[in-house]
Amino acid sequence: VSTLLLVHVPSYAVPTTITVRVISKGAKFVGTSMGGVQITIRDTLTGEVLASGITQGSTGATDRIMKTPANRNAVLSDETSARFTTAIDISQPTWIEVRAYGPLAQIQSANTVSSTQWVIPGKHIDGGDAWLLELPGFVVDILAPPAHSTMKESPASVAVQASVTMMCGCPIVPGGLWDAGKYEVSALVKKDGRDLASVPLAFAGTPSQFSGLIPVRGPGVYEVAVYAYDASNGNTGMDRVTYIVE
């Protein structure tokens with residue numbers, strides 16, 4: 001007669017490496033030059049934060065990311081590409097969420113992206129591009145007019161100027177790898193809460209700079225929302241500013 005013995009085997013936490021990279025939609029990795037991206041790794045079921053940190057490193061190799069013919073197994077990163085690497089201690093298969101928020105150097109344009117997957121103790125996620133997240137958006141930074149500025153006299157128009165880059169900080173210029181002619185950059189203007197105008201902004205002669213003139217229709221509070229939009233993939237970014245005409 002055979003006897004089946006059930007032996008209790010204690011569970012021990014196993015350090016499991018996870019490397020996270022964040023790539024700008026349509027561009028390169030988001031790293032140190034843009035303040036990095038805040039990474040939070042948590043147990044999806046319990047909400048417990050298992051690790052957190054900021055991506056560090058370069059935007060990566062331009063030719064490899066932007067020019068090499070793509071295939072599903074292509075590795076975009078190299079040894080310098082921005083990443084956050086940590087080891088989490090888990091004793092059983094764990095459903096993990098990785099959340100990315102950034103770029104931290106341009107909070108007005110920061111975005112959030114996340115994904116989940118099962119992680120098995122001791123089965124590291126650090127090969128190839130590892131855990132790769134795509135961060136949508138453009139970094140849009142309105143440079144003029146200054147926020148909440150007041151104009152004592154009513155001009156015929158107000159100059160608006162904005163800096164627009166990819167989320168990795170990659171510059172936008174006419175005919176460039178990130179072509180200014182490919183993107184729609186415009187200012188949506190409201191006066192006292194009512195729609196006033198939509199003003200296309202043109203490339204201003206300096207990389208990533210766009211400008212135009214906003215009509216003034218008397219005293220009031222003006223709100224300007226400058227957006228960048230890529231019709232080829234829907235990528236969109238925006239910044240806002242208000243000013244007052246007395």
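Residues numbered from 1 in each chain as written. Predicted model: local features only at pLDDT ≥ 70, side-chain atom pairs only at ≥ 80, totals over all residues. Heavy atoms only, no water.

**Remarks on the overall build of the chain**
Short version of the rule: The helix and strand labels rest on DSSP assignments: H or I over at least four residues marks a helix, E over at least two residues marks a strand, and numbering proceeds from the N terminus. The size measure is the radius of gyration over C-alpha atoms, and the globule rule it meets is 2.2 Å times the number of residues to the 0.38 power. In this scheme, a residue with accessible area under 20% of its type's maximum is buried, one over 50% is exposed, and one in between is partly exposed, where area comes from a 1.4 Å probe on protein chains only. It only takes one pair of heavy atoms within 4.5 Å for two residues to be counted as in contact. Areas reported as accessible are Shrake-Rupley estimates using a 1.4 Å probe. Residue values count occlusion only from the protein chains shown. Only four residue types enter the charge count: Lys and Arg as positive, Asp and Glu as negative, with His and the chain ends excluded. Where a charge lies is defined by one atom per residue type: Lys uses NZ, Arg uses CZ, Asp uses CG and Glu uses CD.
Within the chain, the regular secondary structure consists of one helix and 16 strands. Relative to a compact globule of 246 residues, whose C-alpha radius of gyration would be 18 Å, the chain shows 24 Å and is clearly more extended. Seen along its three principal axes, the alpha-carbon backbone of the chain occupies a region of about 100 × 40 × 25 Å. Counting across all 246 residues of the chain, residues that qualify as buried make up 42%. Summarising the internal contacts of the chain: among those between residues at least 6 apart in sequence, 68% fall at separations of at least 24. Working note: accessible area of the chain is about 12700 Å², and carbon and sulfur atoms make up 53% of it. Of note, the chain has its 17 positive side-chain charges centred 3 Å away from the centre of its 20 negative side-chain charges.

**Considering the nonpolar core**
Using the following cut-off: Only buried Ala, Val, Leu, Ile, Met, Phe, Trp, Tyr and Cys residues count toward a nonpolar core, and they belong to the same one when joined by side-chain atoms within 4.5 Å.
Core analysis: the biggest nonpolar cluster contains 54 residues, and Ile39, Ile41, Trp131, Met166, Ile172, Val224 and Val226 have the highest contact counts within it. In terms of residues, this core owes the most to one element, strand β10 (residues 157-166), which gives five residues. Contacts of Ile172, omitting those with residues within four sequence positions, involve Phe138, Val164, Thr165, Met166, Trp178, Asp179, Ala180, Tyr183, Phe203, Pro207, Ser208 and Phe210.

**A closer look at the layout of surface pockets**
For the record, the criterion: Only protein atoms enter the calculation, which uses a 1 Å grid: trapped sets of points that fit a 1.4 Å probe without letting it out are cavities, open sets showing protein on both sides within 12 Å along at least five of seven lines are pockets, and any residue with an atom within 4 Å of a point is a lining residue. Grid points are joined across faces, edges and corners, and a volume is the space filled by probe spheres set on the points. As a working rule, the residues Ala, Val, Leu, Ile, Met, Phe, Trp, Tyr, Cys and Pro are called nonpolar, Asp, Glu, Lys and Arg charged, and the rest polar, with Gly in that last group.
Roughly 210 Å³ of volume is contained in the largest pocket. Lining the largest pocket are 14 residues, and of these Lys25, Gly26, Ala27, Met66 and Asn233 lie nearest its centre. Of the residues that constitute the lining of the largest pocket, the class distribution is seven nonpolar, three polar and four charged. Roughly 150 Å³ of volume is contained in the second largest pocket. For the second largest pocket, the lining is made up of 13 residues, of which Asp43, Ile90, Gln92, Pro93 and Thr94 are closest to its centre. Listing elements by their share of the lining of the second largest pocket, those giving two or more residues are β4 (84-90) and β5 (94-102). Looking at the lining of the second largest pocket residue by residue, the classes come out as six nonpolar, four polar and three charged.

**Notes on the sheet that holds strand β13 (residues 202-203)**
What counts is decided by this rule: For two strands to count as paired, DSSP must find a minimum of two bridges between them.
Spatially, β8-β10-β14-β13 is the arrangement adopted by the four strands of the open sheet, whose pairing is antiparallel. Unpaired on one side and paired on the other, β8 (138-144) and β13 mark the two borders of the sheet. Two elements, β13 and strand β14 (residues 209-215), share two bridges in a ladder whose sense is antiparallel. Paired with Ala202 across the bridge in β14 is Ser211.

**Regarding the environment of Gln56**
Here Gln56 is to be found in the loop between β3 (49-54) and α1 (62-67). Exposure remark for Gln56: the relative accessible area of 57% places this residue in the exposed category. Here Gln56 is in contact with Thr32, Ser81, Ala82 and Arg83, once residues within four sequence places are set aside.

**Describing a nonpolar patch on the surface**
Put simply, the rule is: Only residues whose relative accessible area exceeds 30% and that form no salt bridge are eligible for patches; like-charged ones are grouped when within 9 Å, while nonpolar side chains (Val, Leu, Ile, Met, Phe, Trp, Tyr) are grouped when within 5 Å. Here, a salt bridge means any Lys or Arg side-chain nitrogen found within 4 Å of an Asp or Glu carboxyl oxygen.
On the surface, a nonpolar cluster with roughly 360 Å² of combined accessible area is contributed by Leu45, Trp95 and Trp118. With respect to the helices, strands and loops of the structure, Leu45 is situated in the loop between β2 (38-43) and β3. Classification of Leu45 by relative accessible area gives exposed; the value is 61%.

**Description of the pattern of salt bridges**
On inspection of all chains with the given rule, the structure shows seven salt bridges. Put simply, Glu223 and Arg240 hold a salt bridge, and the shortest N to O gap is 2.5 Å. Pair noted here: Glu223 is in strand β15 (residues 220-229) and Arg240 is in strand β16 (residues 236-245), with a separation of 17 residues, a long-range link. Looking at Glu223, the relative accessible area reads 27%, which means it is partly exposed.

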